[in-house]
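Fold and geometry: a report
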Amino acid sequence: MSEVSPEARRKQIIVGIVMGAIMGIVISALTQFWLWLPAGLALGLATGAIMKPPADKR
């Protein structure tokens with residue numbers, strides 16, 4: 001098993017938050033219900049934390 005670098009973990013969480021924010025904004029715009037935005041951010045944060053970042057290639 002290879003250790004995941006802190007930079008890869010941080011990048012994975014940031015990517016998850018950005019994806020969640022985009023999803024939250026789109027759903028909020030479609031449904032006119034603004035509380036989908038924090039729900040999307042929470043989902044993105046959880047997804048970014050759960051997903052395993054790709055191992056560094058050497």
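Note that the structure is predicted; figures quoted are calculated from it, not measured.

What follows concerns unusual backbone geometry. Phi is positive for Gln32, which is not a glycine, with a value near 60°. By secondary structure assignment, the location of Gln32 is in the loop between α1 (6–31) and α2 (36–50).

Moving on, we get to a nonpolar patch on the surface. Taken together, the side chains of Ile14, Val18, Ile22, Val26 and Leu30 define a hydrophobic patch exposed on the protein surface, amounting to about 490 Å² of accessible area. With respect to the helices and strands, the residue Val18 is situated in helix α1. Judged by its relative accessible area of 44%, Val18 is partly exposed.

To continue, consider α1. With 26 residues, α1 extends 37 Å between its outermost C-alpha atoms, agreeing within 8% with the 38 Å of an ideal straight helix rising 1.5 Å per residue. If you check which residues of α1 are buried, you get Ala8, Gln12, Gly16, Gly20, Ala21, Gly24 and Ser28. The positive-phi residue at the C-terminal boundary of α1 is Gln32, with phi of around 60°.

Turning to the side chain of Ser28, a few remarks are in order. For Ser28, the position within the fold is in helix α1. Within the local environment of Ser28, its side chain forms a polar contact with the backbone oxygen of Gly24, the two atoms lying 2.7 Å apart. For Ser28, the contacting residues outside a window of four places in its chain are Phe33, Trp34, Trp36 and Leu37.

The next thing to look at is the packing of α1 against α2. α2 packs onto α1 with a crossing angle of 155° between their chain directions and a minimal axis gap of 7 Å. Taken together, the axes of α1 and α2 lie roughly antiparallel to each other. As α1 packs across α2, the resulting crossing turns out to be right-handed. Partitioned by chemical class, the residues of the contact of α1 with α2 number 12 nonpolar, nine polar and one charged.

So, how was this worked out
- Residues numbered from 1 in each chain as written.
- Predicted model: local features only at pLDDT ≥ 70, side-chain atom pairs only at ≥ 80, totals over all residues.
- Heavy atoms only, no water.
- Helix = DSSP H or I, 4+ residues; strand = E, 2+ residues; numbered from the N terminus.
- Patch = residues over 30% accessible without salt bridge, like charges linked within 9 Å, V, L, I, M, F, W, Y side chains within 5 Å.
- Areas by Shrake-Rupley, 256 points an atom, 1.4 Å probe, with all protein chains shown as cover.
- Salt bridge = Lys/Arg side-chain N within 4 Å of Asp/Glu carboxyl O.
- Buried < 20%, exposed > 50% of the residue type's maximum accessible area, 1.4 Å probe, protein only.
- Expected span 1.5 Å × (residues − 1).
- Polar contact = N/O pair within 3.5 Å; in protein donor to acceptor, adjacent residues only side chain to side chain.
- Contact = heavy atoms within 4.5 Å.
- Axes fitted to C-alpha atoms, helices over the stretch in contact; angles between N-to-C directions.
- Parallel < 35°, antiparallel > 145°, perpendicular 65-115°, else oblique.
- Left-handed = near helix turned anticlockwise from the far one by under 90°.
- Nonpolar A, V, L, I, M, F, W, Y, C, P; charged D, E, K, R; others polar.

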